[in-house]
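Given next are the chains, with one letter for each unit.
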Amino acid sequence: MVNDIKVEVCVCTECVMRGAMDLVESVESLKKLKRYLGFEGNINVETNKCLGNKKDGHHSLVAAINGKIMENADSETVMEKVISMIKKDVK
Amino acid sequence: MRGIYTPVTNIRRQVFAEVARLAYEGGEYARVEEIPFRIIPGEVPTYRDSIFLERAIVGERIRLAIGLPLYPADQPTHISKGVEESAIAEKVYEPPLINVIPFACNACKEKSVEVTDNCRGCLAHPCTSVCPVKAISIQNGRSVIDNEKCIRCGRCVDICPYHAIVKFDRPCAAACGVDAIESDHLGRAKINYDKCVSCGMCLVNCPFGAIADKSQLFQLIHAIKNGEDVIAEIAPAFVGQFGPLATPEKVKAALKLLGFSKVVEVAIGADLGAIEEAHHYIHKIASGEEPFLATSCCPAWSVMAKRDFPEVAPYVSDSLTPMVATARIIKNENPDSKVVFIGPCAAKKLEASRKSVRSDVDFVITFEELMGMFVAKGIEFGDIETNEVFDDATAAGRGYSVAGGVADAIANCVDELYPDSDIKIDRAEGLRECAKMLRIAKAGKRDGYLMEGMACPGGCVGGAGTMMSFAKASTAVKEFQNASEDKIATKSKYANKED
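Residues numbered from 1 in each chain as written. Chains lettered and ligands numbered in written order. Predicted model: local features only at pLDDT ≥ 70, side-chain atom pairs only at ≥ 80, totals over all residues.

## Thoughts on the overall build of chain B
Next, step 1: The helix and strand tally for chain B stands at 20 helices and 15 strands.
Next, step 2: Taking the principal axes of the C-alpha coordinates as reference, chain B spans close to 75 × 65 × 40 Å.
Next, step 3: Sorting the 499 residues of chain B into buried and exposed places 51% on the buried side.
Next, step 4: Pairs at least 24 apart in sequence give 76% of the contacts found in chain B among residues at least 6 apart. (Helix = DSSP H or I, 4+ residues; strand = E, 2+ residues; numbered from the N terminus. Buried ≥ 20, exposed ≤ 12 C-beta atoms within 10 Å, placed from the backbone. Contact = placed C-beta atoms within 7 Å.)

## Let's talk about the overall build of chain A
Next, step 1: Along its length, chain A carries four helices and four strands.
Next, step 2: Taking 91 residues into account, the globule formula puts the C-alpha radius of gyration at 12 Å, and chain A, at 13 Å, falls close to it.
Next, step 3: Projected onto the principal axes, the alpha-carbon positions of chain A cover approximately 40 × 20 × 20 Å.
Next, step 4: Classification of the 91 residues of chain A by burial places 38% in the buried group.
Next, step 5: Across chain A, every contact between residues at least 6 apart in sequence was considered, and the portion connecting residues at least 24 apart equals 69%. (Rg over C-alpha atoms; globule rule 2.2 N^0.38 Å.)

## Digging into the pairing of strand S15 (residues 449-454) of chain B
Residue and element names in this part refer to chain B.
Next, step 1: Burial analysis of S15 places six of its six residues in the buried class, which makes it a mostly covered element.
Next, step 2: Neither face of S15 is open: one carries Tyr449, Met451 and Gly453, the other Leu450, Glu452 and Met454, and all of them are buried.
Next, step 3: When strand S11 (residues 293-294) meets S15, the two strands line up parallel, connected through two bridges. Bridging across to S15, Leu293 finds its partner in Leu450.
Next, step 4: Sheet topology places strand S14 (residues 424-429) next to S15; six bridges connect them, and they run parallel. When the sheet's bridge partners are listed, Ala428 is paired in S15 with Gly453.
Next, step 5: In this fold, S14 hands off to helix H18 (residues 431-442), which returns the chain to S15; that crossover is right-handed. (Pairing = 2+ DSSP bridges. Right-handed = clockwise from strand over helix to strand, strands pointing away.)

## Things to note about the interface of chain B and chain A
Next, step 1: Taken together, the contact between chain B and chain A spans 21 residues of the former and 17 residues of the latter.
Next, step 2: Of all the secondary structure elements, the ones that give two or more residues to the side of chain B that touches chain A are helix H1 (7-25) and helix H15 (367-376) of chain B.
Next, step 3: In terms of residue count, H1 of chain B provides more of the side of chain B that touches chain A than any other element does, four residues in total.
Next, step 4: For the side of chain B that touches chain A, the residue count by class is 12 nonpolar, seven polar and two charged. (Nonpolar A, V, L, I, M, F, W, Y, C, P; charged D, E, K, R; others polar.)

## A word on the nonpolar core
All names here are of chain B.
Next, step 1: Membership of the largest hydrophobic core comes to 180 residues, with the highest contact counts inside it found for Val19 and Ile410.
Next, step 2: The dominant element in this core, judged by the number of residues it contributes, is helix H11 (residues 267-286), at nine residues.
Next, step 3: Here this core spans two domains, since at least three of its residues come from each of domain 1 (7-100 + 181-219) and domain 3 (227-498).
Next, step 4: Ile410 has contacts with Ala274, Glu277, Ala278, Tyr281 and Leu450, leaving out every residue within four places of it along the chain.
Next, step 5: Residues Ile136, Cys156, Cys160 and Ile165 belong to the second largest nonpolar core, which totals nine residues. (Core = buried A, V, L, I, M, F, W, Y, C linked by C-beta atoms within 7 Å. Domains from an automatic or database assignment.)

## Observations regarding the sheet that holds strand S3 (residues 63-65) of chain A
Residues and elements named next belong to chain A.
Next, step 1: Strand order across the open sheet formed by four strands is S2-S1-S3-S4, with mixed pairing between neighbours. The strands lining the two open edges of the sheet, one partner per strand, are strand S2 (43-48) and strand S4 (68-70). Neighbour to neighbour, the strand axes of the sheet diverge by 25 degrees on average, direction disregarded.
Next, step 2: Contacts between helix H4 (residues 75-90) and the sheet are confined to strand S1 (5-10), S2, S3 and S4, with S1 contributing the most and set at about 165 degrees to the helix. (Axes fitted to C-alpha atoms, helices over the stretch in contact; angles between N-to-C directions.)

## Looking at the environment of Pro457 of chain B
Residue and element names in this part refer to chain B.
Next, step 1: Residue placement: Pro457 occurs in the loop between S15 and helix H19 (470-482).
Next, step 2: Between the alpha carbons of Pro457 and Glu433 there is a distance of 9.5 Å; along the sequence they are 24 residues apart.
Next, step 3: The contact partners of Pro457, leaving out residues within four places of it in the chain, are Glu429, Gly430 and Gly462.

## Re the confidence of the model for chain A
Next, step 1: Of the residues in chain A, 91% have a pLDDT of 70 or more, and the chain-wide mean is 88.
Next, step 2: For chain A, the element scoring lowest by mean pLDDT is helix H3 (residues 34-37) of chain A, at 86; S1 of chain A scores highest, at 95. (pLDDT = per-residue confidence, 0-100.)

## Digging into the sheet that holds strand S10 (residues 262-265) of chain B
Residue and element names in this part refer to chain B.
Next, step 1: Spatially, S10-S9-S12-S13 is the arrangement adopted by the four strands of the open sheet, whose pairing is parallel. Two strands close off the open sheet at either side, each with one partner strand: S10 and strand S13 (363-366). Across this sheet, the average inter-strand angle for adjacent strands is 25 degrees, counted without regard to direction.
Next, step 2: For strand S12 (residues 338-343) and S13, the ladder comprises four bridges, and the chain directions are parallel. Counterpart to Phe341 in the pairing with S13 is Val364.

Below, the structure written as structure tokens:
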């Protein structure tokens, strides 16, 4: 059973300033690695109006992988997390 | 590093947001001294050797964002010096626009070719065979380059089977198309302002974040707070810059929430310029009276063309740039207003400070700086509901923001207005490529041509003050063009008003 991975990225004003669109691009770039990793599921990237509940900016950028919230997210941690989930799945 | 969010981007944007917040809150401006502590919290350095250095650099960035000069590193002073006096509703600007923060500069080596540890000291060592100046010798089993002899042609770099030889250049100097980056007495980058055209490519390409331009957002916010009639003219590259929720209509609504009384497309002026240049092309260039026509909309390109190629200078179009043409229309209808150009461009800040333009355009800010204002004001695009529409300009005018779009707009006008005539086009993006095109023109090989020059790779969507990769931005602009009812500049509703 292959599980799809859903990555949500918050695109509130603060999160866009802190690179939300660049994070979206990074996660989308992982689709190109699917064959290399032997992963047959889908990586879905969605943008969300507001994932966090605070607007003070201390938690931006906010993302969620399969519903699990990640605060102060950046490209490297989110990509690593997605890939580690894929690897578990492939085994 | 466009389209990749790095710590450099992070700090730059936080500075804009904090300076905007400071201006909105008003009050005692001595508390500007607190901002570096908010941006660089704690006691442990994150980016450099010392947290004190990190904060000092942020301090310099704050000064530039307020429009103030850098403070001398060798004299006692405060970040807040001059801030109170700068809290006015008029532009504060003293050249230079683009500044190297000397103690943020890594003093990278100047251009060189180097052998790395990948060298295996192979038997073939083709590097020596291809070197035209005999600069490479084999010492202790590996290649060594004599930098006195080396002419940096790069042949050894290309031929090495282990990719062991690299051509090294300072990122700022590599990004500079007019070779304006020199060194100071400590080997740090220093801008030669006789050569610099303020395109801003060095500041977005420095991996140490050591270069920054001056901003006008502090004074702009004071003008709005003063209750003045402030009108925004927004460059067509804005589409998509503020995230997926920020549709063009919502950006317009958000600007009004910030206090702008009207929001006008700069593409109006682009439409008018395209029509004028189409006529000019047919009457002067196609007729053979003048050798060629160079576009004028990109200020960094036109300044370079006029200054470095005096033979070409008379043939750089004298049509008003879209920024100025649109500003004049606005001022004509609203004589007491203040006009703010919002765009992707650093060089426009300089253009707007020219004597002939000063009364037309009061402020210039970039998309990145505007984003700081949106964040400071807590504007959420997701919460905005609006009936605003954008219907000022044609698809052609909006296309000015992408490389090739200016020439296309003019060519389509020629087709429409003079169906029996043809137009020859050459174009270049990036100042180095632009200079190459001009050398070819100078040699008489572009007679009869329209030449489009764009200082930033990709066109305006690749400008220094943008928020996203130019590939995505170009797609967004394309959609905005498609949304325009009229496709050709001649259909502009402002075209007939001019006659």
